[in-house]
Protein chains: 4
Amino acid sequence: MSAHPHHEAGDRIAVGVDADAKDRNLKRLRRIEGQVRGLHRMVQEDRYCPDVLTQVAAVQAALRGVARELTRNHLKHCTAAAVAADDGTADEVIDELVDLMYAKLR
Amino acid sequence: MSAHPHHEAGDRIAVGVDADAKDRNLKRLRRIEGQVRGLHRMVQEDRYCPDVLTQVAAVQAALRGVARELTRNHLKHCTAAAVAADDGTADEVIDELVDLMYAKLR
Amino acid sequence: MSAHPHHEAGDRIAVGVDADAKDRNLKRLRRIEGQVRGLHRMVQEDRYCPDVLTQVAAVQAALRGVARELTRNHLKHCTAAAVAADDGTADEVIDELVDLMYAKLR
Amino acid sequence: MSAHPHHEAGDRIAVGVDADAKDRNLKRLRRIEGQVRGLHRMVQEDRYCPDVLTQVAAVQAALRGVARELTRNHLKHCTAAAVAADDGTADEVIDELVDLMYAKLR
């Protein structure tokens, strides 16, 4: 599969993705990658800890922007599709998301 | 200043940094950079949202490891130095850290 | 309205609530009320700050249990009903929940 | 001990507590107790989940105000005393606080 060189056979794919949401997340992630490199440089230079922590907080906020977009997309497409299918999978999809939100994500 | 090519005149420097703590954080940040590139690829490939969110949670946990190490180092060195100096700056240093912990970091 | 003495005319009511989920949350909230009174006593007695903070963390975890149950119930009933109605309100309901999760709740 | 009727022999006591900070926290905790009772009533009345979640978020923010005041007090008094004592206990006091901040509190 030339378009998805890293894509493995067992990987799950989203039911639907808004093109705009996807584009915003790709841009956010490029910016986050640069911010993480900036953090590496600050630690290398022994910069004052609160200044480094302020930058860590900026990366955390940017990552939450990514998670928020993914959650909204998941609810609008995948969860809605599971509800519409009415085949009993909606509860599983909802439990999976709620576990993620409350047990893993910050 | 050859050792710190990106270092600006006004940048604040830490009073003291444990060599081990610094080394651990530099390694963590390299790994985080790779994880963020992996996230970019997952979004590019329209991977299933909960699988991407699980990876976002892993990056968040790794970033918290960096913040935790920085906070511990700051308390052991900079805050302790401010308390020992007994020149009235300790309260400012403490207020700055508490504001960061409760208003910015997650 | 004798059953809901504090209920105001403009209050919004849930589309559906699982009786078990409601019962668990009422029990959790009674326990949390007792924990908060315990915190008041600890502060009154000048107890060691980390011991009080440990108890604050316990209340935070219990409150998250309440929020998790409410979120699951909301997704299973109210959001599902909005998706099924297919009248364009599902997006609003989803945006409202995502804003809550990412901008207000911890 | 009439002033501290619930105080047990093994309870640890804070090195120092600002009277103003203590007073603010006692008031916050009384208000939180009322908010939790309000939550119980909302759940009892099957109120719309996002409205209940908004109130949960308000209680979380109020609890964080308590934790923030306790953390500041702990750093200004107990941690400062441990640093000044210079008897090797400062590291333990700092590790205990950092573990609390990053592993338990939200």
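Right, let's walk through the structure included here.

The rules behind the values
- Residues numbered from 1 in each chain as written.
- Chains lettered and ligands numbered in written order.
- Predicted model: local features only at pLDDT ≥ 70, side-chain atom pairs only at ≥ 80, totals over all residues.
- Heavy atoms only, no water.
- Helix = DSSP H or I, 4+ residues; strand = E, 2+ residues; numbered from the N terminus.
- Expected span 1.5 Å × (residues − 1).
- Bend = angle between axes of the 7 residues up to and from the residue.
- 1 Å grid on protein atoms, 1.4 Å probe; cavity = no way out; pocket = protein on both sides within 12 Å on 5 of 7 lines; lining within 4 Å.
- Points joined across faces, edges and corners; volume = space filled by probe spheres on them.
- Nonpolar A, V, L, I, M, F, W, Y, C, P; charged D, E, K, R; others polar.
- Least-squares fit on C-alpha atoms with pLDDT ≥ 70 in both.
- Contact = heavy atoms within 4.5 Å.
- Buried area = accessible area lost by both parts, 1.4 Å probe.
- Salt bridge = Lys/Arg side-chain N within 4 Å of Asp/Glu carboxyl O.

Before going further, it helps to spend a moment on helix 2 (residues 49-85) of chain C. For helix 2 of chain C, with 37 residues, the first-to-last C-alpha span of 51 Å sits near the 54 Å given by 1.5 Å per residue. Approximately 35° is the largest bend angle found in helix 2 of chain C, and it occurs at His74 of chain C.

Per the stated rule, a full pass over the model turns up eleven cavities of 30 Å³ or more. Empty space within the largest cavity amounts to approximately 140 Å³. Along the wall of the largest cavity there are 16 residues; nearest its centre are Met101 of chain A together with Arg64, Met101, Leu105 and Arg106 of chain C. Breaking the lining of the largest cavity down by element, the ones donating at least two residues are helix 2 (49-85) and helix 3 (90-104) of chain A together with helix 2 and helix 3 (90-104) of chain C. Considered class by class, the residues forming the lining of the largest cavity number eight nonpolar, two polar and six charged.

Time to look at the layout of surface pockets. Empty space among the atoms becomes apparent when a probe as large as a water molecule is rolled across them. There is about 170 Å³ of room inside the largest pocket. Forming the boundary of the largest pocket are 14 residues, of which Arg106 of chain B together with Tyr102, Ala103, Lys104 and Leu105 of chain C lie nearest the centre. Looking at the lining of the largest pocket, the elements with two or more residues in it are helix 2 of chain A, helix 3 of chain C together with helix 2 (49-85) of chain D. Here the residues of the lining of the largest pocket are counted per class, giving six nonpolar, two polar and six charged.

Looking now at the relation of the copies chain C and chain D. With an RMSD of 0.0 Å, the operation that places chain C on chain D is a rotation of 180° combined with a shift of 0.0 Å along the axis. Both copies are brought into coincidence by an operation consistent with a two-fold rotation axis. Using C-alpha coordinates, one finds that chain C approaches the rotation axis most closely at Glu33 of chain C, a distance of 2.9 Å. Looking at the interface residues of chain C, 100% of them are also at the interface in chain D, so both copies use one shared face.

On to the interface of chain C and chain A, then. Opposite the 19 residues of chain C that make contact, chain A presents 19 residues. With both chains or domains summed, chain C and chain A bury close to 2000 Å², and 61% of this area falls on carbon and sulfur atoms. Remark: the boundary between chain C and chain A carries ten salt bridges. In this structure, Arg68 of chain A and Asp99 of chain C form a salt bridge, with 2.3 Å as the shortest nitrogen-oxygen distance.

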